[in-house]
Each structure stands twice: as structure tokens, then as C-alpha cells.
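Given next are the chains, with one letter for each unit.
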Amino acid sequence: MPARPIAARFSSRSLSTQSLKDAIKETIPAKQEQLKRIKAQHAGTTIGEVKVENVIGGMRGLKAMLWDSSVLDPEEGIRFHGLSIPDCQKQLPAAPGGKEMIAESMLWLLLTGKVPSEAQTRALSRDFVERGTLPAHVEKLIDSLPATLHPMTQLGMGVAALNHDSLFQASYEKGIKKSEYWEATLEDCLNLISRLPALAARIYRNVYNPGKPMESLDKDLDLVGNYVRLLGFGDNQSLTEYLRLYIALHGDHEGGNASAHTAHLVGSTLSDPYLSYSAALFALAGPLHGLANQEVLRWQMAMQKEIGSDVTHDRIKEYLWKTLKSGQVVPGYGHGVLRNPDPRFIALQEFCDSKPELQDSPIIQLVKKTYEVAPGVLKEHGKTKNPYPNVDATSGCVLYHYGLTQFKYYTVIFGVSRALGCITQLVWARALGLPLERPKSLSLDAIEKLAKST
Ligand SMILES: CC(C)(COP(=O)(O)OP(=O)(O)OC[C@H]1O[C@@H](n2cnc3c(N)ncnc32)[C@H](O)[C@@H]1OP(=O)(O)O)[C@@H](O)C(=O)NCCC(=O)NCCS
């Protein structure tokens, strides 16, 4: 059968997508105009300085990247198009029968800068289900991998293999105009996010429950509702609501973090969204970034084992010092930008406080007690610039309580979440025609010479 022309493939999209696409389309001219104005009026304006410490210190604090969907204030935390996490919790539509904001409403906000209606949110959920089945070649690839291969490696491989059907790549080869790149990118991005639950759940099944039959997608469920169903926990409403909240609030954290930056960098070469996000997932797999949530639980459980039922502030302090004196970091504490408790941590703690079963959970109680003493210990230790908890300090412990006990899988859930922000940037980078990213590097000799001469 001859391949359908690209224009036909664009026009056959469902109404729901069309309305998301229309909402983005409506926003593009004003943003393009703003970028043009900034270029014309301020291209030569200095908005910061580059110190040697920035160059040799992992580029901390360097204002060197355009990322429009969220801004991270060191004191206040993240805002998505100006909305804080509590604002989003109040304004973004939940799933039918649920209370927590969901991935669909957060994605709509990130992509368009606007809060979607209930109807727009539901339409996006239905569209995700329609697109959400994995291609056979990806199922085959994932099923062929050894169960001992880390789930994050499997996720990155599966996402990369989805690029077999990339509309952007096919359209680019056919020579579409630069002004149309964003539309093909959006199609790939929506297909990518829709297929993540089936991919991530298949990895979970293969690694932890080999041979167990998998549920199929339910057309009446949202993205995360379906993800939890495919994982085999569909009858646990509390876990479903927790994951809805976690995946929505963890979806974007401005552009400089390693996974977001990687997606943007790779995307800037005009690699398609699958390859760009696959690269981002491998950045997420590092213990200083996404892998921290598996490390937190491992560490809290080792603490629990050592101190037993004598859970006092003094015993926790002792354990914290033991960790620090052995040269390890305290997982779940500190942040590259934040200088206060992470509002994502606070939102997850509030979720725990609202559920009696979580209030009674020994591991959740330990997380809370650790929070009461860890900042003091870390301040006394004197190294970290931020002695407060980040989102990972609590996330894995809640999953554990609800029976999702496989630590190594936790970063995969983060990987499903972070797609929201990364795909938003990929679409907007194409809509704004952002260039190939290519900073200038310097050798040690060149840094020294330059520093001496200024
Ligand atoms: C997140 C993190 C990587 C940020 O790193 P950063 O930007 O370099 O942080 P800082 O500038 O505060 O680091 C300064 C020093 O404090 C140390 N430090 C930072 N966080 C620490 C922690 N939680 N426990 C102990 N030491 C810590 C750093 O290792 C560094 O030590 P060094 O000078 O010997 O290399 C770091 O805080 C960390 O490793 N935290 C634990 C892992 C984690 O929770 N990651 C998830 C982040 S969302």
C-alpha cells in the first residue's frame, strides 16, 4: 500500500488533538513576535557574567538557555507559566472521580500557557488512549532484553526504537518547510507520551512478573490511570491518585537540569523527539539526578533496619552523620538550584498527611522524622548549599507503602513524568526556530590565560 501523503497524515488527527494543536497555533505568533523583539532590541544586552567558577563548576547559575514553560526560583521553587504547584493543584482539571491534577492538564498548561477546560482534558485523555498501543517491533525488542538489564536502560532503548515511526523524520526527508517542523514534532511528541505507559508497564511486567498477562488500555481512563492499570495496580485508587499528582508536578523543572537540557541539546540537532527524549532518559538514569529516588528508599530502609523501633531524633542524627562521615551524600537532600524545601516535596507530604494509611506507615513516618533533623545536620556538616529535602526525599517511600516495592523501577516513573516538560520544549524549539546549541569550550590552559589577562 502506498504511504499516505504527509499532509493527509496531519489532517486525519482527531478533534481533540486538533484543539490542542489549535491552542498552540494561536499562541505561536505572539511568542515569535516576542522573540523577534528581544533579538532586535536586546541581542547585545548583557544579562549576566561568566566567571571561571561557572565554567569549571558545572555551569551552575549561568543564564544561558531559553526554556519558556517553567521558571525555577531558588527560594520559592517552580512555577509553570507563572502558576505555582498549589495554584496548579487548585486550577488544573483532575481525572473523573479524582482530586489530583493529571498529566493531560499539566501538559496542556505547559504547551499552551493556559489552563484547559474539563472537556479539553478529557479529549486529550481519549486521544492518548487512541495513540497508546506499542508497535509490535518495540514489544519484541523489549521482550528480548534480559530481565537483569536496568529498567531505565530498557526504557531509553524502547523510546529510541519508537523513532521507527517518526513523522518528523519522514517529513524532514521529504523536505517540509521549517515553519511546519513544529506540527510534525507535536505529532511525534503526542505519540511518544501516549506510548510511554504501555512501554514502561511492559518493562515492569517483564522484569518483575514475567509471563503475567497484561491488561489492555481502558478508553475511559487518563494517561496515568491507564499506566497504573497496566502496572497491575488499577484497583488501588490511592496509588493512582498519588501517581497522577507525582507525574504532573514532576513533569517540568525548567531547562537546566540534566535530562531537560539533554533533550533540548539533542533536539537542537533536529534529531526527532524519540531520539531526543531517549538521550534525556539516559541522563535521568544517573544517581545525582533521577536515580536519587531509588537511592532514598534504599537509604531510609537501611536506616530503619539499623535503628529498629527506637525511632528518635538522636538515632536518626547518628545515622545521618554515619552516612556523611562515610563520604556519601544524603539522598533526597540538596539541589542544584533550590535553596529551600522543595514545594514538590511539600505537596507530596501533604498528600501523605491526607491519607490515614500513609500517616500510619513506618517508612513514611521515618521520612517525616528525618526531615525534622536532616537540615540541621547538613547545615552543621557545612558542605551543601541547600540542606533541605527535594522531591525525591519522599516519592519512592509512598510507592513502597502501596506495594510498588521494586526500587530500581522508580526512575522509570520519573521518566514517564519528565516527558511532559521535555516534549513541550521540543515543540516550542521548532515553533520558535531555535538554533543548534553549540557553546564554546576552553582548555585548562586557555582558561588560565584568559583569567590572567582580564
Ligand atoms: C542534587 C545535588 C546533586 C546538587 O549538587 P550541587 O549543585 O553540586 O550541590 P552543592 O553546590 O550544594 O554541593 C556542594 C557540596 O555539598 C555536597 N552535598 C550536596 N548535597 C549533599 C547531600 N545531600 N549530602 C551530602 N553532601 C551534599 C556536594 O557533594 C558538594 O560536595 P563537594 O564540594 O565535596 O563536591 C546534591 O545536592 C546531591 O548529591 N544530593 C543528593 C542526591 C539527590 O537527592 N539528587 C536528586 C536531586 S533532585
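Parameters at a glance
Residues numbered from 1 in each chain as written. Predicted model: local features only at pLDDT ≥ 70, side-chain atom pairs only at ≥ 80, totals over all residues. Domains from an automatic or database assignment. Contact = placed C-beta atoms within 7 Å. Helix = DSSP H or I, 4+ residues; strand = E, 2+ residues; numbered from the N terminus. Nonpolar A, V, L, I, M, F, W, Y, C, P; charged D, E, K, R; others polar. Near = placed C-beta within 6 Å. Buried ≥ 20, exposed ≤ 12 C-beta atoms within 10 Å, placed from the backbone. UniProt positions renumbered as here; feature names shortened; annotations may be inferred.

A. Broad picture of the domain arrangement of the protein. Each domain of the protein was delimited in the assignment, giving domain 1 (124-288 + 405-432) and domain 2 (291-402). Each partner contributes residues to the interface: domain 1 has 17 residues there, and domain 2 has 19 residues. Among the elements of the structure, helix 12 (237-249) and helix 21 (410-431) are those that each provide at least two residues to the side of domain 1 that touches domain 2. Take the side of domain 1 that touches domain 2: its biggest share by element is six residues, from helix 12. Broken down by class, the residue content of the side of domain 1 that touches domain 2 amounts to 10 nonpolar, six polar and one charged.

B. Just the site of the ligand, in detail. Near the ligand you find 17 residues, and of these A292, G334, K383, T384 and K385 are the closest. Residue classes in the shell around the ligand are distributed as seven nonpolar, seven polar and three charged.

C. Looking closely at unusual backbone geometry. Phi angles above zero are rare outside glycine, and M59 is one such case at about 60°. Within the secondary structure, M59 is located in the loop between helix 3 (52-56) and strand 1 (70-73). Positive phi values are uncommon outside glycine, yet H81 reaches one of about 45°. Structurally, H81 can be placed in the loop between strand 2 (77-80) and helix 4 (85-91). Given 17 C-beta atoms within a 10 Å radius, H81 is considered partly exposed.

D. Examining the UniProt feature "active site" (unreviewed entry) in the protein more closely. Mapped onto the present numbering, the UniProt feature "active site" (unreviewed entry) falls on H289, H335 and D392. Separation in sequence by 104 residues is not matched in space for these annotated residues, since their most distant C-alpha atoms are only 10.6 Å apart. Within the secondary structure, H289 is located in the loop between helix 14 (273-284) and helix 15 (292-307). Sequence-distant contacts of H289, defined by excluding residues within four places in its chain, comprise N257, A258, S259, A283 and L284. Note that H335 resides in the loop between helix 16 (313-325) and helix 17 (343-353). Setting aside anything within four residues of it in sequence, one finds H335 in contact with D342, N386 and N390.

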